[in-house]
Every structure is written in C-alpha cells, then in structure tokens.
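Close look at the chain arrangement
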Amino acid sequence: MLGRTLREVSVALKQGQITPTELCRKCLSVIQKTKFLNAYITVSYEVALKQAEESEKRYKKGQSLGELDGIPVAVKDNFSTAGIETTCASNMLKGYIPPFNATVVQKLLDQGAVLMGKTNLDEFAMGSGSTDGAFGPVKNPWSYSKQYREQRRLRSPGERRGADEDWLIAGGSSGGSAAAVAAATCFAALGSDTGGSTRNPAAHCGLVGFKPSYGLVSRYGLIPLVNSMDVPGILTRCVDDAAAVLGVLAGHDPKDSTTVQDPVKPFVLPSLTDVSKLCVGIPKEYLVPELSSEVRSLWSKAAGLFESAGAKVIDVSLPHTSYSIVCYHVLCTSEVASNMARFDGLEYGHRCDINESTEAMYAATRREGFNDVVRGRILSGNFFLLKENYENYFIKAQKVRRLIANDFVNVFNSGVDVVLTPTTLSEAVPFLEFIKEDNRTRSAQDDIFTQAANMAGVPAVSVPAGLSPQGLPIGLQFIAPAFGDQKLLTVAKWFEKQIQFPVTQLQELTEDCPSGFENDNSASVFLKQC
Amino acid sequence: MAAPILRWVGPGKRWALAWVDSSSSHRRVSPNGSASHRMREQRSVAQQSLHTAPKPRKGGHKWAAVVGLEVHAQISSNSKLFSGSQVSFAAPPNSLVSFFDASLPGTLPVLNRRCVEAAVMTGLALNCHINKKSLFDRKHYFYADLPAGYQITQQRLPIAVRGSLTYGVFVGNKRSHMATKTVRIKQIQLEQDSGKSLHDDLRSQTLIDLNRAGVGLLEMVLEPDLSCGEEAATVVRELQLILQALGTSKANMAEGQLRVDANISVHQPGEPLGIRTEVKNLNSIRFLARAIDHEIQRQISELESGGVILNETRSFDHRLGCTVPMRDKEGKQDYRFMPEPNLPPLVLYDTASLPVGVEPQQVINIDQIRDTLPELPRVTRERLVREYGMLPEHSFTLLNEVGLLQFFQSVMKETRAEPKKVTSWVLNVLLGYLKQHNLAVNESPITPSALAGLLDLLDSKAISSSAAKEVFEELWKGKAKTAAQIVSEKQLELMQDQEALEHLCQATMEGHPQVVTDMKTGNPKAINKLIGLVRKATLNRADPAVIKNILERLSA
C-alpha cells in the first residue's frame, strides 16, 4: 500500500480497502523505522492522527473532500505551519512556532490531507545536498535500496563497507521531503525551489520534482530564500500525483501580490498518445564536460525516445546559460542579506544572552543563530548591495537575468514546446565525497541545469529517467513556457509512461529490520548489521 | 501575538542617538537618503536658490542660507500600508500588530489601495506629475523598532514627482503686505512608518511598541528653495492645511502625524553651496522656525570664526533653543537599497489608458481622483477675498487658525451682518480673546450662533458698538444667555425714542452754553464733546451719528 501512488491510495481509501487512520499509522510507523534517514525535523504524530480520524469520519459519512482527503503528506520545514515548530533547519528558528499556516499548507489541509511532519533541509534552504542543516544531513533512501546494494556488492565484492560510511546524499535543499516520499512515509511532499531545490533531490531520490511557474502558487508563509525566484515545489512518485497536488495549490492568493489573478483551471492531464506535433528542444549549452556519461546517455536516449515516437527533436541554444551561476550568486545573496535582516532576536527565534547593547545583542544572536553558509551569503549580499557596488553587481546581474529569461522566450517563440535537459550532473554521490567541496562550490555545480528556470520563472519538472549502472536514479528535466504547466506535465507524463521507472525497493529493508531506530546513532549500528 | 514583542532590548545609553527627550513621544529618527547624494542635488539647483542673508555680518560678508525640507505625513487610513492592522493613535502598546508588522518570516506585503489614493491625491494637490508606474524598494538598517531590518519605500521611482507649493509671506516695512512664493517639490513617495522605542534609562531597557510600525507615510521631499525659518514654517503650515483639506493626513505635529527634517547650509552668494547639516525631530512649527534660524546663525558664526561645517545630523533642543549634534552613526550608513521583490510595480491609469473591461476596484484612475479633489486652501482664500471682499492676509489668518474658517462660515450663515463686520469681529475680537486666554477655536465659550445673534443686533442698530463689546464680554463668561437676553437685562438697547433723545440733547445744550458757543464758532472739538455728554446721559445707548444730527439741527 505504501509504495503506491497518491492516486492509487486515494482510490483505495474511497473503496474502503484501507482507512485514513490505518494509512496514517502505517506511515508513522515507517517514519519511526526510517528515522535514521533524518528526513523529518518534526514528526507531528498527534496532529496527523487527529486529522486522519477526522478524515475517516468524512469517509464514513461519504463526505470525502476529494482526492487528497486522508492522504499523508509532508511539508518542508521552511513552510509556516500553525502550532507546529518551523525551523528552516536553523538554530535561529529553533523553537519558533508560527501562528499561521502558509497558504499552500492551508490548502492541503482544507482538502483533508494529513500532515505527517516537517522535513529536513539545508539551513534556510541554502544548499544542494541537504547536508548543511542544524539538525544533521539527510540520507538518501536509495543508499539502502536493494538495487543499489546489489550493484555495490557486484562491483566491489571483497569490500564490506557499511552503508553508514558511504551513504548517499539526498540532494537538496528539499532533501528531507524527497527522502520522505522515497522512503514511503507519505505520498506527496512540499519542497521549495529557488535554484533547483525540489528538482535536484527528486532526481537523486527517483521522484517527480515539479517547480510550477512563478506566480502560479502562493509563497505566503514560505520562509523566503530569494523572493523573486522561490516557488513552492511538489515531490511525488508520479506526474499525475504532482498534477493533482498542483490543482489544489495553484491560484491567486490575496496575501501574495505576485500570484496571477487569472482563474486557474483544474490540472487534469490527458494521456498523450500522439507526440508527432510536439517539438522538443535540446539546449546545446547543457552539454557540459562535467556531465557524467550515465546521465548523458540517458539524456540522449530520452531524446531518441521522443524522436522515434514521431516528435520533432531539435538542437536549441540558450546562449546565456553559462552566466546563470554567477548571476544567481549575486541576486541570491543580495536577497538573502535583505531577507535575513529580520532575524535579530527581538520578535521571535533565537536570542543570545548578551545584553550590553542592542548592537552587541544583534551581532551575537546572528552569529550564534546562523551557520557559516548563511552568514557567508549575508556578507556577500551586503557587499553587492553597497552603494558603490550596486551598479556593478546587482544591476548587472538583473540585466543578465533578463537575458537568461529572454533565452527561454526566444526558444519557445521559435516553436519549441518543451526543452529537455538533465536535472543533475550525475547520480547522488556519497556524503563523504560530497563534503569534500564547500557548500558554495557544490551549489554552483549542482544547480547549473536547474537555476535558469528560476531566473526565468518558467515551470520545470524533473522526471526519473532510469537507473545508473550503480543502481541509482537519474532524473531528466523538462522546461516549458511560463504558465505552460499543464502542457509540461502532460509531456512529462508521456515520458514517464515510456520509462516505467522502478520504485525504491526499500520496503524490505525496514521490514527485515524491525528493531528500533530511536536515534541516529542506533540507526548506524543497525545498518552495520544489515 | 502582541505580548512577546514588548521585550527589553538593552541599556538605554546606546540609544542616545534616538533620544528625543524624556517627555516627548519618543519618536525615533527616521534615516533618510545618503548625504552625499543630496549634496549633489543641492549643488545642481544652486543658481535658482540664491537667497539674501538673514542678516549681514561683520566685514560686509553677506551670507545666503539654503533650506530644504523633508516632510513625513502619516496617511489617514483605516489600515496600515501593507497589512490589515488598524491605524489608531494612543492604542494600548502592541495591540495593532499583524504578523506582517512583526515581520514574522513568510509574511508578505499587500498594498493598501487607500494609501495609494491618498498619495495620488496629495500629488495632484501639489501639482506633481503622477508616475503611472512606480516601484517599491527596501532600505536597510538595523533598529529595534524596525522589525524587518528594512523599510519599504520608493527610492528609485516614486509615485509623484516635480510638483510645487505656493505659499504667502508677509513683506514690506510693517510686514503688512502679502507676497506669494513657490517651493518646488522633488518627489512624494509612499513608505512605511517604523515602530516606537521607549527608552527606560533607569532600568537600562528599551521597550518597543509596534502599533505604528507599517503605518503608511507620505514622504514629501522639497527642493532647497527656502531661506529662513519663517519661510519653512509657512510652507509646512500650508502643507498641513492642504493635507487636512484633502483628508490624506491629519497632519497633527503633536501626535507625530507630520514630522519635518530640515537640510540647512549657508554660503556666500556666487559661491558654491556650503556643507549642509540635517536637523531632525522638529515636532512643532514654532520649533521648526527657531531651529532653522538658529542653525543658520550657528553656521555663519562657525564660518566667520574660521571653523568648518560638518555634514552631520543635529537635533533641536527646544529648552536650550539650539541645535546639537546627534552622534548619529546612521547618518553615514549605507542603506543598501534593493528592489522590493514581493510587490509588483504599482501601475496607475488615467481615463485614456484605462484597460477595457477591468473592474473599477482593481485599478486606480488618476483622472477620477482629480475630479474628486476638494477645494484647496489657496482657492478657499481666493474665494473669501472675492466673496467677502476681505484682505488677503485676513483670509490667511482665517485658514491658519484651526477651526476659525468654519467658525467664520457658521457665523456668516446665521447673521445678516456685513461680511466685513463679521471678519473684523472674528479676527480682531474673538481671536484676540482666544489668544489672550490661550484657547483653541473649538474651545471658544462663544458659539458661532451667539456671535451671529450679537452681530445681528449690531447690524440692526439695536445696540451701539461699544454696547456690543459689553455684550461680547458677557457672552464670553458663558452664562448660557443669548445676546438679546443680555441686552435687555442690561438695558443696552440704543435709544430709539427720537423725542426723548431730542429732550436730552436740548437739556445738555442748555447745561453747557459755553460749549454750544464754541460749536457755533466752528470749533470742531466742541460738537464731539457735546456728543460725548449726550451719550453719557443715555448710558451709551444712543448712536453718536444720530446725536450729532440732532445737535446740529438744534443749534442751527
């Protein structure tokens, strides 16, 4: 039951094959068993069970609220949740309990969804590995999958390294949400996507990771990284599920002035049978030397798939792609410097013990509350915003951003329906390898295929495209014109159908080893025994 | 929500830079744009803003003072600029604070339509060009009563630009003549107010009240076209009247709804402009004038004794009557301006550009606002001069005193007396009494109806003007009697009995034969003496003109 898609389990609920409370308890049990993944920062046991009970009452009365009623979901811990601690994986917000729900959270709850908990991330969503949070890194469930373990055994038969030593990163920054869905603790999760933070972990965890068009989904209550690029993201097991969640979330929010006013139609995806009228663009700038051969071959295989099905596949150019990283760096850090200014220890969140003066209190509070990555970005951002630097950095970066956005406009105006690219350079790497480079270098490398879509505000989705020879998932990305979300998902659905991606064979792991996972330490002991 | 915000911050000594004075409303210093930037702006208008010095000093040096103003007016609106919190003066601390006002992470600004309309209205009244597209920016600085760490303002592209304000000043030897002058308005921008810090030095703590945080402000930047404190005071008063007429701000300086900062420099005519200082926290028009004049004199004395003027922020100590440096670190702060990413550009329309089929409540039509503009003070004054034939300076006084124009108009409605008579009684008698007793117009013990009744009696020649003064004094005592009642009780009616008056005149002439002889020989003083005697005999109840007629007839 747990490995099923949202739509499948929704049908099961409707037919009474399982009740919402049974489903919720099963998921809570998996959460308990997979605690070592560190996917959740907060598990909302009581809230979840209460919501499940209410859902059950509705089902009994035949008054289900719809497809999401009774469905366990998880929410990244940078979305405000009324009465539930929201930390952004930062000491700064440890203990902070928002008095209101983010609009997207409220919309999920209004549809009867059951909130299992708040998922782990890089501190304030700054990172691409979910390794830089105050509550420890997220472990990729695929590290423990049958597929990966078999491949590893085959490749180095003599070696008996424990999975705790070379576990893989989940990708980020929404790694907790991705791990939560991949480990079957819930059926959908909210991520946030500023430079690829939903698509990147989705690719590494074998999920669909969807970043809607900027302005389609409300950001109210999402604790911002970069306001002009942040979009709530959706992580699910299949494209139809993403569309179902999008249908609930999309639409104008009077609390977010950047959401579109136009009424939104429900997102029901047609099953595409004929792709002959489709034009798929392959951007030549995305073929970079760092691209792993595995990803490269899956990318060209996918292109071939479209072509052989009758679609027009053409080379396109997004000439300003290479400037995206440095441009993003300036714009992101500038907004970060600004957005983080409110964390001063006065109204909420961490406050240091120093009280000689307000300035001293500010300084110590912020030094104690933020990690090096956040502090580094604040420092850079303030540098770029200085009067003497503003023209040379911020204004130029804005101009480059416009050029990048225009690249997409030009490609889509030339008759291309969707652009097909890799999501990441390679499959997930082991944590020990990942941390050899610092956060900034990693973010710069890992976001190169995903960032531009945020700059341009266009929708993009990462879809699992196959397993690498190592037995790890690889995702490919589709990008469509702004507000072409439905078309994008329709194409993604067609592709998904051709691929028949396998689900994580993680279940046996948790079933084989039922003994406790009270904390992370015991988890690593357990893994050695596995 | 409100409770956790009221926390202590740290010892008061670090807050000296924001200290207004212990008895004031503890308004914080609102930092403004960069000093060097505005220095250049001052230079660019040097040629247009040469003014004569207030006073030539020793050595024949002439100094010219250049004064520019930045005025912050709190917008009269039910809710704040970007949140739904109510706006109210003197509510319990932290009782009007939304999640956004407290800068809870994840909250977003939503622009208040009323505030935009107020800005457009004010811009139109000040002859500004209204920008059909304007932008919001973040201005960063750390301060305990600025919860987000930045203020949302309009630095790059404000809602209104290039306006002007006409004001009247007294000129001539006796300062009896009115002349009109104009000050240019550089821009009007919408921005958020900050909260208030309350420094408790005894306990070394600062209390924060966020009720004011996020209230809409109109920042009006005036070009440095002024030359002395009086001009500045006149301009601010005129601006206050305009805002009040529009209803866009209550503009009450004592309640902090109107706050003025002044940029002041002095230079020798023909020379480049001098280094300017900024005087902040001017919370009354009187202090504004005094602070500017003091600062001009201070700069002149400083320069004449070989000193230099520092580009600094000063505050006015109204007890010492001088400006003092504020040790304001923020004065040199880099505000790291950045576009506000959560607010799309503010787009306004006029009737010509209004998109078809759009809901009227979704757009703001500049032309529609223009059509609803009320009568502005300048027009009111012109109308008073035209309709009632009053002197321009009288029209100024009527408008400048709060409530006086209304009082005047109420009297006019109820009385048959001539407008000139009413003007004179309102401006000379009533206002004189009010000033003497230090009362505001709405505190006057005499109502407009009572005064109208009195003036009717005077107009119908039922009482003499001296009797009228007596009645006025009785009315002032406020015993709830009408003028007519007082007149009849005190028997102040003019003698209407011609015969009796003739008898009195006859008797007076008979009693003073020498004066009658003098009168007949043409001594002009003699008849006045007789008139006085007759009036005395009537207990001042006779019209001197009537008496004069009778006397002349009897002696002929």
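Residues numbered from 1 in each chain as written. Chains lettered and ligands numbered in written order. Predicted model: local features only at pLDDT ≥ 70, side-chain atom pairs only at ≥ 80, totals over all residues. Heavy atoms only, no water.

Moving on, we get to the overall build of chain B. A tally of helices and strands in chain B yields 16 helices and 16 strands. In chain B, which comprises 556 residues, the proportion classed as buried is 55%. In the structure as shown, chain B presents an accessible area of about 24800 Å², 52% of it carried by carbon and sulfur atoms. (Helix = DSSP H or I, 4+ residues; strand = E, 2+ residues; numbered from the N terminus. Buried < 20%, exposed > 50% of the residue type's maximum accessible area, 1.4 Å probe, protein only. Areas by Shrake-Rupley, 256 points an atom, 1.4 Å probe, with all protein chains shown as cover.)

Attention now goes to the side chain of A:Lys118. Residue and element names in this part refer to chain A. By the element assignment, Lys118 lies in strand β3 (residues 114-119). The exposure class of Lys118 is buried, given its relative accessible area of 0%. Within polar-contact distance, the side chain of Lys118 engages the side chain of Thr86 at 2.9 Å. The contacts of Lys118, once residues within four sequence positions are left out, are Ala39, Tyr40, Ile41, Thr42, Val75, Lys76, Asp77, Phe79, Thr81, Ile84, Glu85 and Thr86. (Polar contact = N/O pair within 3.5 Å; in protein donor to acceptor, adjacent residues only side chain to side chain. Contact = heavy atoms within 4.5 Å.)

All right, on to the UniProt feature "domain: Amidase" (unreviewed entry) in chain A then. UniProt records the feature "domain: Amidase" (unreviewed entry) at residues 23-145 and 169-489 of chain A, using the numbering of this structure. Helix makes up 41% of residues 169-489 of chain A and strand 14%. Its end C-alpha atoms lie 27 Å apart. (UniProt positions renumbered as here; feature names shortened; annotations may be inferred.)

With that settled, the discussion passes to the interface of chain A and chain B. Of the residues lining the interface, 47 residues belong to chain A; the matching set on chain B comes to 43 residues. Of the roughly 3600 Å² buried between chain A and chain B on both sides combined, carbon and sulfur atoms contribute 55%. Linking chain A to chain B there are zero salt bridges. In this structure, the connection of chain A to chain B is made through 14 residue pairs in polar contact (both at pLDDT 80 or more). When grouped by side-chain class, the residues that make up the side of chain A that touches chain B number 19 nonpolar, 16 polar and twelve charged. (Buried area = accessible area lost by both parts, 1.4 Å probe. Salt bridge = Lys/Arg side-chain N within 4 Å of Asp/Glu carboxyl O. Nonpolar A, V, L, I, M, F, W, Y, C, P; charged D, E, K, R; others polar.)

On to the pairing of strand β6 (residues 160-171) of chain B, then. All names here are of chain B. Note: strand β2 (residues 129-130) against β6, two bridges, orientation antiparallel. Across the sheet, Ile130 pairs through a bridge with Ala160, a residue of β6. Pairing geometry for β6 and strand β7 (residues 177-192), over eleven bridges, is antiparallel. Within the sheet, the bridge partner assigned to Leu165 lies in β7 and is Val183. (Pairing = 2+ DSSP bridges.)

For the rest of this paragraph, the subject is helix α8 (residues 239-249) of chain A. All names here are of chain A. Judged by how many residues are buried, α8 sits mostly within the fold: ten of eleven residues are covered. When we look at burial in α8, the residues that qualify are Val239, Asp240, Asp241, Ala242, Ala243, Ala244, Val245, Leu246, Val248 and Leu249. Of the residues trailing α8, Gly251 is marked for its positive phi of about 125°.

As enumerated under the stated definition, the model contains 34 salt bridges over all chains in all. Ionic pairing is found between B:Arg212 and B:Asp193, a salt bridge with its closest N-O pair at 3.4 Å. Within this pair, whereas B:Arg212 is found in the loop between β9 (205-209) and β10 (216-222), its partner B:Asp193 is found in the loop between β7 and β8 (196-200), the two being separated by 19 residues in sequence. B:Arg212 gets classed as buried once you look at its relative accessible area, which sits at 8%. Here B:Lys481 makes a salt bridge to B:Glu489, at a shortest N to O gap of 3.2 Å. The partly exposed category is assigned to B:Lys481, whose relative accessible area is 35%. When its relative accessible area of 53% is taken as the criterion, B:Glu489 is described as exposed. Among the charged side chains, a salt-bridge network with shared partners connects A:Arg7, A:Glu67, A:Asp240 and A:Lys493.

Before going further, it helps to examine the packing of aromatic side chains. Enumeration over the complete set of coordinates arrives at 31 aromatic pairs over all chains. Here the aromatic rings of A:Tyr96 and A:Tyr348 are separated by 5.6 Å at their centres, their planes lie at 45°, and the arrangement is tilted. Of this pair, A:Tyr96 sits in the loop between β2 (72-76) and α4 (103-110) while A:Tyr348 sits in the loop between α10 (324-339) and α11 (358-369), placing them 252 residues apart in sequence. Note on A:Tyr348: relative accessible area 6%, which makes it buried. Pairing A:Tyr286 with A:Phe449 gives two aromatic rings, centres 5.5 Å apart and planes at 20°, and the pair type is stacked. Of the two residues, A:Tyr286 is situated in the loop between β7 (279-283) and α9 (293-308) and A:Phe449 in the loop between α15 (439-446) and α16 (451-456); the sequence distance between them amounts to 163 residues. A relative accessible area of 2% places A:Phe449 in the buried class. The rings of A:Tyr96, A:Phe124, A:Phe343, A:Tyr348 and A:Phe370 are connected pair by pair, giving a single aromatic cluster. Its guanidinium or amino end placed over the ring of B:Tyr335, B:Lys139 lies 4.6 Å from that ring's centre, counting from NZ or CZ. (Phe/Tyr/Trp six-rings, centres within 6.5 Å; stacked < 30°, edge-to-face > 60°. Lys NZ or Arg CZ within 6 Å of the ring centre and 35° of its normal.)

Next up on the list: the pairing of β9(B). All names here are of chain B. Counting buried positions along β9 gives four out of five residues, so the element sits mostly inside the fold. Bridge analysis of β8 against β9 gives five bridges, and the strand direction is antiparallel. Bridging from a neighbouring strand, Ser197 pairs with Ile208 of β9. Here β8 folds back onto β9 in antiparallel fashion, the turn holding four residues, of which Ser204 has a positive phi close to 50°.

All names here are of chain B. Considering all chains together, one arrives at six cavities of 30 Å³ or more under this definition. Lining of the largest cavity is provided by 14 residues; of these, Phe100, Asp101, Pro147, Ala148 and Gln192 occupy positions nearest its centre. Residues of the lining of the largest cavity, tallied by class, amount to six nonpolar, four polar and four charged. (1 Å grid on protein atoms, 1.4 Å probe; cavity = no way out; pocket = protein on both sides within 12 Å on 5 of 7 lines; lining within 4 Å. Points joined across faces, edges and corners; volume = space filled by probe spheres on them.)

Residues and elements named next belong to chain A. Within this numbering scheme, the UniProt entry marks Lys76, Ser173 and Ser197 as carrying the feature "active site" (unreviewed entry). In three dimensions, the annotated residues from a span of 122 residues occupy one location, with a maximal C-alpha spread of 11.0 Å. Along the chain, Ser173 falls in the loop between α5 (146-155) and α6 (175-182). Here Ser173 falls in the buried class, since its relative accessible area comes to 0%. Once residues lying within four places of it in the same chain are set aside, the contact partners of Ser173 are Lys76, Asn120, Leu121, Asp122, Ala125, Gly127, Ser128, Ser130 and Ser197. Among the polar contacts listed, one links the side chain of Ser173 to the side chain of Lys76, at a separation of 2.8 Å. One can find Ser197 in the loop between β4 (188-193) and α7 (199-204). Given a relative accessible area of 6%, Ser197 falls into the buried group. The contact partners of Ser197, leaving out residues within four places of it in the chain, are Lys76, Ala125, Gly127, Gly172, Ser173, Ser174 and Ser192. Within polar-contact distance, the side chain of Ser197 engages the side chain of Ser173 at 2.9 Å.

The next point concerns the packing of helix α8 (residues 404-414) of chain B against helix α9 (residues 419-436) of chain B. All names here are of chain B. Direction vectors running N to C along α8 and α9 enclose 135°, while the axes themselves pass 10 Å from each other. The angle between the axes of α8 and α9 places the two elements in the oblique class. In the crossing of α8 with α9, the sense of the turn from one axis to the other is right-handed. Contact residues: α8 offers Leu404, Phe407, Phe408, Val411 and Met412, while α9 offers Pro419, Val422, Thr423, Val426, Leu427, Leu430 and Leu431. (Axes fitted to C-alpha atoms, helices over the stretch in contact; angles between N-to-C directions. Parallel < 35°, antiparallel > 145°, perpendicular 65-115°, else oblique. Left-handed = near helix turned anticlockwise from the far one by under 90°.)

Now for the domain arrangement of chain B. All names here are of chain B. Domain annotation of chain B identifies domain 1 (3-26 + 33-339), domain 2 (377-490) and domain 3 (498-555). Of the residues lining the interface, ten residues belong to domain 1; the matching set on domain 2 comes to ten residues. Both faces considered, domain 1 and domain 2 share a buried interface measuring about 750 Å² in area, 60% of it formed by carbon and sulfur atoms. Looking at the side of domain 1 facing domain 2, the largest losses of area belong to Met178, Arg237 and Leu241, adding up to 51% of the total buried there. Taken together, the connections running from domain 1 to domain 2 amount to one salt bridge. (Domains from an automatic or database assignment.)

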